[in-house]
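# Survey of secondary and tertiary structure
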Number of protein chains: 2
Amino acid sequence: MPKRIDRDARKAQFAEAVWRIILDRGISAVSIRTVAEQASVAVGSLRHVFPTRAELLRFSAELMLQRARDRILSTEALEDPEQYALEIAKNLLPLHPDSRAELEINIALIAESPALPELVQLRDDAYQQLGQLCVRLVGILAEKLGEQDVREEARRLHALIDGVALHLLMRPLAEDADWAIRIIRGELHRIAHTSG
Amino acid sequence: MPKRIDRDARKAQFAEAVWRIILDRGISAVSIRTVAEQASVAVGSLRHVFPTRAELLRFSAELMLQRARDRILSTEALEDPEQYALEIAKNLLPLHPDSRAELEINIALIAESPALPELVQLRDDAYQQLGQLCVRLVGILAEKLGEQDVREEARRLHALIDGVALHLLMRPLAEDADWAIRIIRGELHRIAHTSG
DNA sequence: AACAAACTAGCACGAGTGTGTTAGCTTGTT
DNA sequence: AACAAGCTAACACACTCGTGCTAGTTTGTT
């Protein structure tokens, strides 16, 4: 039988090449050829795994969202709700090279979505899931809140997290990021101490 | 002497063609030829005004930021600080087709900035100016606050506005946007009633 | 040793890209 | 009527693009 290479690992390798190109040269520079070169592979090899450019980009986007999901889900449960929620939120912010790259790639793919309509669904799903996660967080922070209030607070938290994430991206990673943690921690504290 | 055409109006016309292409087909689809076609003009005519693609994109980005700035500055002063700040914030949110397009284009240009380094400076300047605007707003809302606290509240407001803006962009313009106003109004009210 | 599935590598094609260059057209002043 | 500044249009060049296609190579099973 054939040479048995882990297909998924191979696909991931190509997806990471796509990411590198996006980060280094922008979404417009992503082509079958540049990606193959980035992965140190002949064009034909890449095309054996991803016959078309659209499939390559779709998988790259999917894997990126999956990695983010995994990171969130692997956050260990903590006793203190505020502590736990803060850990989750920290995993949603671009505080490390990986999560930072994820956000940059996410933005690039959003920007390209008019040309790649299949990405819109992916983005919407991820957005919904993040929204539900915020609802859960608000739920454990302020148990007495009514459903309507929970939804409102969750929306607010979600927006604040995304806004802070965007601003972190504007500044170099090396820069002090305590202000971001302070803002989120303050918001979580406020939510935990609101009475309906 | 030559035919006297308003050069600036001509440039703006081309910039608007660039915007349309970005909105309809993504940043990757922006080329000298597609833009010329969108503007119903021969390639040579476009190139007479913008000799290179980089200059075309640079001007398109600049004009977009300028339009946003003008919209903010034209907000009429109101007596009530909270009302006034809310009016400003509403002009920062993608609540109308124009401002919505501005934000989409802004995101697309950010995504392409690795390939167009000159855009980074533009973006950073706009970000700084928005930050200072938020500082001013917080200043008039909570006059007694110390400088350090003003800065912290301003950062928070800025992040919240950008986060809400992003979320508005995720949903169709037709959809109910009252939640966005509610969140911002609530935040402005909170700032106005915090005591150092 | 023989086989075939899986993978690699490359060519070819038509289309699209940015840009250099050049020729023709418009139009207000002189 | 003559002029020239400014504008329009088109061609050419070398390059990149996505994709169809076809050989070659590797490797585990039989």
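In every chain, residue numbers begin from 1 and rise along the written sequence. Following the order in which they are written, the chains are lettered starting with A and the ligands numbered starting with 1. Totals for whole chains, interfaces and linings use every residue, but because this is a predicted model, local features are given only for residues with pLDDT of at least 70 and side-chain atom pairs only at 80 or more, for both listing and counting. Excluding hydrogens and water, the side-chain values take into account all heavy atoms of the structure.

An unreviewed UniProt entry lists chain A under the name TetR family transcriptional regulator, from Arthrobacter echini.

### Some points on the side chain of B:Asp124
Residue and element names in this part refer to chain B. Filter applied, for reference: Helix and strand definitions follow DSSP, with helices as H or I runs of at least four residues and strands as E runs of at least two, each counted in order from the N terminus. Each residue is assigned to one of three classes by its accessible area relative to the maximum for its type, calculated with a 1.4 Å probe on protein chains only: buried under 20%, partly exposed between the two thresholds, exposed over 50%. We define a polar contact as two N or O atoms separated by no more than 3.5 Å, with the added condition that, inside protein, one atom must be a possible hydrogen donor and the other a possible acceptor, whereas residues neighbouring each other in sequence contribute only through side-chain atom pairs.
One can find Asp 124 in helix 7 (residues 118-141). Since its relative accessible area comes to 18%, Asp 124 is described here as buried. Side chain to side chain, Asp 124 and Arg 123 meet in a polar contact 3.5 Å long.

### Overview of the interface of chain A and chain B
As a reminder, the rule being used: Any two residues whose heavy atoms approach within 4.5 Å are treated as being in contact. Note on definitions: salt bridges are taken to be side-chain nitrogens of Lys or Arg within 4 Å of carboxyl oxygens of Asp or Glu. Under this grouping Gly is polar, as are all residues other than the nonpolar Ala, Val, Leu, Ile, Met, Phe, Trp, Tyr, Cys and Pro and the charged Asp, Glu, Lys and Arg.
Between chain A and chain B, the residue contacts involve 36 residues of the former and 35 residues of the latter. Applying the counting rule to chain A against chain B returns four salt bridges. Where chain A meets chain B, there are nine residue pairs in polar contact (both at pLDDT 80 or more). Elements that contribute at least two residues to the side of chain A that touches chain B include exactly helix 1 (7-25), helix 6 (97-111), helix 7 (118-141), helix 8 (147-170) and helix 9 (178-192) of chain A. With twelve residues, helix 8 of chain A is the single largest residue contributor to the side of chain A that touches chain B. Its residues placed into classes, the side of chain A that touches chain B shows 17 nonpolar, six polar and 13 charged.

### Brief notes about the packing of aromatic side chains
Our working definition: Two rings from Phe, Tyr or Trp (for Trp, the six-membered ring) form a pair when their centres are within 6.5 Å of each other. A pair whose planes differ by under 30 degrees is stacked, one over 60 is edge-to-face, and the rest are tilted.
For the coordinates displayed, the defined rule picks out four aromatic pairs over all chains. For the ring pair A:Phe14 and A:Phe50, a centre distance of 6.4 Å and an interplane angle of 70 degrees mean the geometry is edge-to-face. One end of the pair, A:Phe14, is in helix 1; the other, A:Phe50, is in the loop between helix 3 (43-49) and helix 4 (53-73), and 36 residues separate them in sequence. Each ring, one from B:Phe50 and one from B:Phe59, has its centre 5.4 Å from the other, and the planes form 45 degrees; the classification is tilted. Residue classification places B:Phe59 among the buried residues on the basis of a relative accessible area of 17%.

### So, the domain arrangement of chain A
All names here are of chain A. Worth spelling out the cut-off: Those domain boundaries reflect an automatic or database domain assignment. The term buried area means the drop in 1.4 Å probe accessible area that two parts suffer when joined, counted for both and summed.
You can read the domains of chain A as domain 1 (1-51) and domain 2 (60-193). Look at where the C-alpha atoms of domain 1 and domain 2 centre, and you get two points 29 Å apart. Listed as interface residues are eight residues of domain 1 and, on the opposing side, ten residues of domain 2. Note on domain 1 versus domain 2: buried area summed over both sides is about 830 Å², and carbon and sulfur give 77% of it. A per-residue breakdown of the area domain 1 buries against domain 2 is headed by Trp 19, Leu 23 and Ile 27, which together make up 65% of the total. Taken together, domain 1 and domain 2 are joined by one salt bridge. One salt bridge connects Arg 67 with Glu 16, and the closest N-O pair in it is separated by 3.2 Å. At the surface where domain 1 touches domain 2, the tally comes to two residue pairs in polar contact (both at pLDDT 80 or more). In terms of residue class, the side of domain 1 that touches domain 2 is made up of seven nonpolar, no polar and one charged.

### Regarding the relation of the copies chain A and chain B
Rule in force here: The copies are overlaid by a least-squares fit using only the C-alpha atoms of residues whose pLDDT is at least 70 in both copies.
For the pair chain A and chain B, the superposition axis carries a translation of 0.0 Å, the fit reaches an RMSD of 0.0 Å, and the rotation angle comes to 180 degrees. Taken together, these values place the two copies in the relation of a two-fold axis. Within chain A, the C-alpha atom positioned nearest to the axis of rotation is that of A:Gly163, 1.9 Å from it. Of the residues that chain A buries at the interface, 97% are likewise interface residues in chain B, meaning the two copies contact each other through the same surface.

### Quick word on the pattern of salt bridges
Inspection of the entire model under this criterion finds 26 salt bridges over all chains. Where A:Asp124 meets A:Arg123, a salt bridge forms, and the shortest distance between an N and an O atom there is 3.4 Å. A single burial state applies to A:Asp124 and to A:Arg123, both of which are buried. A salt bridge links B:Arg190 to B:Glu153, with the shortest nitrogen-to-oxygen separation between them at 3.0 Å. In this pair, B:Arg190 sits in helix 9 (residues 178-192) while B:Glu153 sits in helix 8 (residues 147-170), placing the two residues 37 residues apart along the sequence. With a relative accessible area of 14%, B:Glu153 lands in the buried category.

### With respect to the UniProt feature "domain: HTH tetR-type" (unreviewed entry) in chain A
Convention followed: UniProt positions are given in the numbering used here, feature names are shortened, and annotations may be inferred rather than shown by experiment.
UniProt feature "domain: HTH tetR-type" (unreviewed entry): in the numbering of this structure it lies at residues 8-68 of chain A. When the span residues 8-68 of chain A is considered, its composition is 79% helix and 0% strand, and the gap between its end C-alpha atoms is 17 Å.

### Quick word on the packing of helix 4 of chain A against helix 7 of chain A
Residues and elements named next belong to chain A. Inclusion rule: Fitted lines through C-alpha atoms serve as axes, helices being fitted only where they are in contact, and the angles separating the N-to-C directions of these axes extend from 0 to 180 degrees. Any angle that is under 35 degrees is reported as roughly parallel, and any over 145 degrees as roughly antiparallel; angles of 65 to 115 degrees are reported as roughly perpendicular and all others as oblique.
In contact at an axis separation of 10 Å, helix 4 and helix 7 are set at 10 degrees when each is read in the N-to-C sense. Between helix 4 and helix 7, the crossing angle belongs to the class labelled roughly parallel. Taken together, the residues of helix 7 that come into contact with helix 4 (itself represented by Ala 54, Leu 57, Arg 58, Ala 61, Glu 62, Leu 65, Arg 69 and Ile 72) are Glu 118, Leu 119, Leu 122, Ala 126, Gln 129 and Leu 133.

### Details of the environment of A:Ala108
Mapped onto the secondary structure, A:Ala108 falls in helix 6. Separated by 80 residues in the primary sequence, A:Ala108 and A:Ser28 have C-alpha atoms spaced 9.4 Å apart. Among all residues touching A:Ala108, those that are not within four sequence positions of it are A:Ile22, A:Ile27 and B:Ala111.

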